[in-house]
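Residue-level structural notes
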Amino acid sequence: MSRQPRKNFCILTFDVEEWYHGAYPGYDYSMVADAPVRVVEMVERIVSLLREFGAGATFFVLGEVAEKYPQVVRTIAGAGFEVASHSYTHTLIPPQGREGFAGQLVRSKRLLEDLSGQDVVGFRAPNFSISPQKTPWAFEVLESEGFLYDSSVFPAVAYYGGNPGAPRFIHKIGNLVEFPPSAMSIFGVKVAFSGGFYFRALPLWIIEAGIKSYHRRGETPVLYLHPKDIDPHTPPLPLGWIANFVHRGRAKSGLAKFVRLLKKYRFISIREFLDISR
Ligand SMILES: [Zn+2]
């Protein structure tokens, strides 16, 4: 399973959420819930960019976003991309407990399946907030609800949900296939170069060095982007400048790097990876 099915393939994933769906100390996204809508326009732009370059991708859609803007799911599925679940609300999983998590999961799966016409078999936790150590029950729930894979165990340092000791490569947790966001050590610190703040902040040559280090080992890297990672028009959050830099800094650079990578590498969805790995 961990072997790369084709040379130089990369898995591309997006978390489909609004620009204000983040978790920062002292911040709750209800503080900016009446804020400008960016997700509808950004998903249209992302889908047309991927089509232009013939790239595949998995979109982990937040249930709240699908409920409010069903056209977002129809745009993704109508263009032939994979729809997966990013839970229903963008809240940390551990405090929800097993029952709360299962409720949100099933609700999001049903809604996304109705809107997309696809079987929804993949999950990514908001803020990468599950791990086999902290929430073993979350993986049991995913399996029992018919999910085939998860992409939530973040093998690097993060505000929330970081597991620097977790495996960096695609592996199994029970019967689920786990697709960790790709990470590497930079000066002894585990960094998830393949998405989010790291993708915006790091120079392209470091990101490419990370991608190539996976390919050299016969592994497939997993990129994890959010619309705001490539949206130079993301508004600020009501937080200090450091949190805002982490939240939206260098998005113009993020977009430019993303287009460079689209030109150079073959991107596929997680579903395509599973199909060709059989
Ligand atoms: Zn998210």
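Here the structure is shown first, and the text comes after it.
Residues numbered from 1 in each chain as written. Predicted model: local features only at pLDDT ≥ 70, side-chain atom pairs only at ≥ 80, totals over all residues.

**Here we look at the overall build of the protein chain**
Put simply, the rule is: The numbering of helices and of strands both runs from the N terminus, where a helix is a DSSP run of H or I of at least 4 residues and a strand a run of E of at least 2. It is over C-alpha atoms that the radius of gyration is taken, and the globule rule equals 2.2 Å times the number of residues to the power 0.38. Burial is judged by counting the other C-beta atoms within 10 Å of a residue's own C-beta: 20 or more makes it buried, 12 or fewer makes it exposed, and any count in between marks it as partly exposed, with every C-beta position built from the backbone. By the convention adopted here, residues are in contact when the distance between their C-beta atoms, placed from the backbone, does not exceed 7 Å.
Regarding its fold elements, the protein chain presents 10 helices and 11 strands. Compactness check: the protein chain gives a C-alpha radius of gyration of 17 Å against a globular reference of 19 Å for 278 residues, within 12% of the reference. Each of the three principal axes of the protein chain carries a C-alpha extent, and together these read 45 × 40 × 40 Å. Out of the 278 residues in the protein chain, the part that is buried amounts to 48%. Long-range contacts, defined here as pairs at least 24 residues apart, represent 75% of the contacts in the protein chain between residues at least 6 apart.

**Notes on helix α7 (residues 204-216)**
Each α-helix winds once per 3.6 residues, and so residues spaced three or four apart point in a common direction. The cut-off we apply is this: To estimate how far a helix should extend, the number of its residues minus one is multiplied by 1.5 Å.
When the terminal C-alpha atoms of α7 are compared, their 18 Å separation across 13 residues agrees well with the 18 Å that a helix rising 1.5 Å per residue should span. Elements in contact with the buried residues of α7: β1 (9-16), β8 (184-186), α6 (196-201) and α9 (251-264). With its phi angle positive at about 75 degrees, G218 sits one or two positions after the end of α7.

**Side note on the environment of Y198**
Looking at the secondary structure, you find Y198 in helix α6. Assessed through the 23 C-beta atoms surrounding it within 10 Å, Y198 is described here as buried. Spatially, the C-alpha atoms of Y198 and R250 are 10.0 Å apart, while their sequence positions differ by 52 residues. When sequence neighbours within four positions are dropped, the list of residues in contact with Y198 reads V191, A192 and F193.

**A few points about the nonpolar core**
Rule in force here: Joining buried Ala, Val, Leu, Ile, Met, Phe, Trp, Tyr and Cys residues through C-beta atoms within 7 Å gives a set, and that set is a nonpolar core.
With 72 residues, the main nonpolar core has I11, V16, F59, V61 and V72 as its most contacted residues. The residues touching V16, leaving out its near neighbours within four places in the chain, are V39, V43, F59, F60, V61, L62, V65, V72 and H86.

**Focus: the pairing of β1**
What counts is decided by this rule: What makes two strands pair is DSSP finding at least two bridges between them.
Along β1, 8 of the 8 residues are buried, which leaves the element largely enclosed by surrounding structure. Covered by surrounding structure in β1 are F9, I11, T13 and D15 together with C10, L12, F14 and V16, the residues of both alternating faces. Pairing between β1 and strand β11 (residues 266-268): 3 bridges, direction parallel. Bridging across to β11, I11 finds its partner in I268. Bridge count between β1 and strand β2 (residues 58-61): 4 bridges; the pairing is parallel. Within β2, the position partnered with T13 by the bridge is T58.

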